[in-house]
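Residue strings, one per chain:
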Amino acid sequence: MSGTLLRLVCTAALAAGIVLAPVPAAAEPAPAATEDRTVAGLLTDLQRLYREAERATETYNGTEERLRKQRAEVRRLDKELAQARTSLHDSRGAAGRLARQQYQNRSDLSPYLRLLLARDPQHAIDQGHVIGRLARERVETVGRLAGDEKKAEELARRSREALARQASLAERQERERDGVRERLRAVEELLASLTPEQLAALAELEQSGIAEQQERFLASGALGDDAKPSAEGDRAVRFAVEQLGKPYEWGAEGPASYDCSGLTSVAWERAGTPIPRTSQEQWARLEHVPLDRLRPGDLVVYFPEATHVALYLGDGMVVQAPRPGADVKVSPIAANPVLGAVRPDPGGEPVRRYTPPRLPAGATDGSDEGYAATGPAR
């Protein structure tokens, strides 16, 4: 965000007497805000823009993860190719030595005639054994040489293809990065166009909407009594709670900032159970659990496209990195439309005794639920 735009938004926020905390951004340009636009319409526009930005962020994260794996594959192939070339060099040297030995021991006579004409038959027999052994070695050496040449050629081909895939992924990542920035700019433009009164009304409307959704969600009976977490789930929860107050940053995996799936993936990695990097992959590859069987440490996934994820804390609350401009915080589970839940460690045994982590003062008071500048795009 430009310095001018940042000052505009922050000034508007201070004038409204609220702390602003942004969300995910958009694919379409933000509609121009006017005095007569309804607050509900503005909130809908902002939520759409934020959701599109988060979807673009998770797409970027997925490409980043594939690029990371592809780079590792290129390094592995390069190492294997270097070893194959060394082996090929050794095989060629062995073939050359064998050719010289055969030339030195060469005879146009058959082994039978050499034995009949030899003054020392035993020496002829021994020489024949040597020639036979050299012939067998020649077959083996030529076979190794051919195999090493074939392996080196195949590895060279695979290495070239891997490099091409890496270049393609890097180009895609750059396009997706530009897409995230474009969506974040759309959020910035809409925020900058709002009056202090509109910003204050947006924050109030969103908070009342979240409270209503949470009340309705809990009244539906979708949640049961919380089960006890596994030891790994307990560690993941405690790590996430330690990150409270750190800023959201798209594509970030800590330690100073996180995006939504960066927080959940790092929390479970620290707990000893690595999981996929993005919210879509977490939803697709981890075991689904019914909401009435949730236990602390499970992941709650949001929106039909699985573009947001949070870590279940218990008591109908989650820890999440919510959106650009906001900090890692504790939120009602129904702060976004719930898609479902997944469990990273389905085989993990529940702990016998569980004491929930102590939350810092103000962790759930919603003080960061306003709208603020998203900060500079990366």
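Once a new chain begins, its residue numbering starts again from 1 and follows that chain's sequence as written. The predicted origin of the model limits local features to residues at a pLDDT of at least 70 and limits the giving and counting of side-chain atom pairs to 80 or more, whereas totals for whole chains, interfaces and linings rest on all residues. Working from all heavy atoms in the structure, the side-chain values ignore hydrogens and water.

(A) Molecular detail of the overall build of the protein chain. Secondary structure assignment for the protein chain yields eight helices and six strands. In the protein chain, the succession of α and β elements from N to C terminus is α-α-α-α-α-α-α-α-β-β-β-β-β-β. Among the 378 residues that make up the protein chain, the fraction classed as buried is 44%. What makes two residues a contact is simply this: any of their non-hydrogen atoms within 4.5 Å. Look at the contacts in the protein chain between residues 6 or more apart in sequence, and 77% of them connect residues 24 or more apart. With residues, only the protein chains shown are counted as cover, and all accessible areas are computed by Shrake-Rupley using a 1.4 Å probe. Surface summary for the protein chain: the accessible area is close to 19700 Å², and the carbon and sulfur share equals 52%. Under the DSSP-based scheme used, a helix requires at least four consecutive residues in state H or I and a strand at least two consecutive residues in state E, with every element numbered from the N terminus. Note on exposure labels: buried denotes an accessible area under 20% of the residue type's maximum, exposed denotes more than 50%, and partly exposed covers the range between, all computed with a 1.4 Å probe on protein chains only.

(B) Structural context of the sheet that holds strand β3 (residues 308-314). Two strands pair if DSSP finds at least two bridges between them. The sheet built from six strands is open, its strands ordered β1-β6-β2-β3-β4-β5 with antiparallel pairing. At either margin of the open sheet sits one strand with a lone partner, and together these are β1 (287-289) and β5 (329-332). Direction aside, the axes of adjacent strands within the sheet are offset by 45° on average. Bridge count for β1 against strand β6 (residues 338-343) is three bridges, and the pairing is antiparallel. What sits directly across from His288, in β6, is Val342. Across the sheet, helix α6 (residues 231-242) is in contact with β3 and β4 (317-320); its angle to β3 comes to roughly 110°. In this description, a line fitted to the C-alpha atoms serves as the axis of each element, helices being fitted only across the stretch in contact, and the angle between N-to-C directions of two axes falls anywhere from 0 to 180 degrees.

(C) Main features of the nonpolar core. Judged by nonpolar contacts, the single largest core of 34 residues is most densely connected at Tyr258, Trp268, Leu299, Leu311, Val319 and Val328. At the level of secondary structure, the elements contributing two or more residues to this core comprise α2 (39-104), α4 (121-192), α6, α7 (260-270), β2 (299-302), β3 and β4. The term nonpolar core refers to a set of buried residues drawn from Ala, Val, Leu, Ile, Met, Phe, Trp, Tyr and Cys, joined through side-chain atoms within 4.5 Å. Grouped together as the second largest cluster of nonpolar side chains are 14 residues, Leu291, Phe303, Val318 and Ala341 included.

(D) Fine view of α6. Expected span, for any helix, means 1.5 Å times one less than how many residues it has. With twelve residues, α6 extends 17 Å from end C-alpha to end C-alpha; this agrees with the ideal 16 Å at 1.5 Å per step. Against α7, β3 and β4 lie the buried residues of α6.

(E) Molecular detail of unusual backbone geometry. Here the residue pair Gly254 and Pro255 is connected by a cis peptide bond, since its omega of -5° sits within 30 degrees of zero. With a phi angle near 70°, Phe303 is a residue other than glycine that sits in the positive phi range. Within the fold, Phe303 resides in the loop between β2 and β3. Its identity as a non-glycine residue notwithstanding, Ala306 has a phi of 55°, on the positive side. Its location among the elements puts Ala306 in the loop between β2 and β3. With a relative accessible area of 3%, Ala306 lands in the buried category.

(F) Highlighting the packing of α6 against α7. Orientation of α6 relative to α7, taken along the N-to-C sense of each, is 130°, at an axis distance of 8 Å. What the angle tells us is that α6 and α7 run oblique. With respect to the hand of their crossing, α6 and α7 are arranged in right-handed fashion. Packed against α6, whose contacting residues are Glu232, Gly233, Ala236, Phe239 and Ala240, the element α7 presents Leu263, Val266, Ala267, Trp268 and Arg270 at the interface. Looking at the contact of α6 with α7 residue by residue, the class counts come to seven nonpolar, one polar and two charged. When describing relative orientation, an angle under 35 degrees is termed roughly parallel and one over 145 degrees roughly antiparallel, while 65 to 115 degrees is termed roughly perpendicular and anything else oblique. In this scheme the handedness of a crossing depends on how the near helix is turned from the far one: anticlockwise by less than a right angle means left-handed, clockwise means right-handed. Each residue is assigned to one of three groups, with Ala, Val, Leu, Ile, Met, Phe, Trp, Tyr, Cys and Pro labelled nonpolar, Asp, Glu, Lys and Arg labelled charged, and all others, Gly among them, labelled polar.

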